[in-house]
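Observations on chain architecture
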Amino acid sequence: EPGNAERYVASDVPLIIGTNRDEALVAGLGNELFTTKSFGLIPKPRDKDAYAAHGGYPSRLWQVLGVQEPAQARSAALDAPVFTYRFDWDEEGSHFFTDLSTLVGAVHGLEVSFLSGEFSVPDADDKMFFKDETKASRTRLSSQMMSYWAEFARTGHPGGGTQQDMPEWQAYGDETSAGESIIFDTPADGGVRRMRLEADVESLLDDFRTDRRLSSDEQRCATADLMVELAKSQGVALDPFEKTKNTFCEKS
């Protein structure tokens, strides 16, 4: 929409924008379609694939609307570079009878600990998120991220970090890396690397409509409803999301 395009290009300065891979994964936590509770207290997915899909589509949409579209607009209209990323670290692991990697993954806000190096989660037990056995690998990832951000603050371009010893983080619009983002993760899950992420709402919705991980129209309706709410929050045209929702939700 014109209003969004104007907002995206309001200031011609270098910019880093990104999301966490599992921004909305926790959406299934309070929904009995996707989660049950062991002993009446401990949440567990009824079906891991359905749970992942329910939180996955709004998370992917968040990335398209909040990162890809602004990066496309800025790259086309401005001189200053824009650098995009996705944060994928999800090594919380299991605690008691539940698996936080499955339930929350690379959840919203988790990247802040890696940019500060403090590994603290507000209103939560830090040890539940950051086990001693992940200390070496996550500290290394944290150092890599801080190195990129420091170089960006110094020069307006994150490059290969302050020591120029990491993958070159190129601008979104660079011809040699058009549309690529940097993925932040530990070597066990692919490491820090460049990747071209999806940038199109229609292909995402096409995936959603045929995704067999969601086994009922009720599950699809709940997931489509999340995407509608996210689209509303971003101020984009709702038609494709409402149309998709209406396909699966019963008319009252």
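Preceding this section is the structure that the text describes.
Note that the structure is a prediction, hence the values are computed from the model and not measured.

What about the pattern of salt bridges?
- Throughout the structure, instances matching the rule amount to 13 salt bridges.
- Of the charged contacts, one joins Asp132 and Lys127 as a salt bridge, the two residues approaching to 2.9 Å between their closest N and O atoms.

Re the packing of aromatic side chains
- Throughout the structure, instances matching the rule amount to 19 aromatic pairs.
- Relative to Phe152, the ring of Phe83 has its centre 6.0 Å away and its plane inclined at 80°; by these criteria the two rings are edge-to-face. Of this pair, Phe83 sits in strand 4 (residues 82-87) while Phe152 sits in helix 6 (residues 135-155), placing them 69 residues apart in sequence. Accessibility classification places Phe83 together with Phe152 in one group, the buried group.
- Within the aromatic cluster, the residues linked to one another by ring pairs are Phe83, Tyr85, Tyr148, Trp149, Phe152, Trp169 and Phe184.

What to know about the pairing of strand 4
- With six of six residues buried, strand 4 is to be regarded as a mostly interior element.
- Side chains Val82, Thr84 and Arg86 project from strand 4 onto one buried face, and the interleaved Phe83, Tyr85 and Phe87 project onto a second face that is buried too.
- Where strand 1 (residues 15-20) lies against strand 4, six bridges are found, and the strand directions are parallel. The residue bridging Thr19 from the neighbouring strand is Arg86, located in strand 4.
- Taken together, the three bridges between strand 4 and strand 7 (residues 180-184) define a ladder with parallel strand orientation.

Criteria and thresholds
Residues numbered from 1 in each chain as written. Predicted model: local features only at pLDDT ≥ 70, side-chain atom pairs only at ≥ 80, totals over all residues. Heavy atoms only, no water. Salt bridge = Lys/Arg side-chain N within 4 Å of Asp/Glu carboxyl O. Phe/Tyr/Trp six-rings, centres within 6.5 Å; stacked < 30°, edge-to-face > 60°. Helix = DSSP H or I, 4+ residues; strand = E, 2+ residues; numbered from the N terminus. Buried < 20%, exposed > 50% of the residue type's maximum accessible area, 1.4 Å probe, protein only. Pairing = 2+ DSSP bridges.

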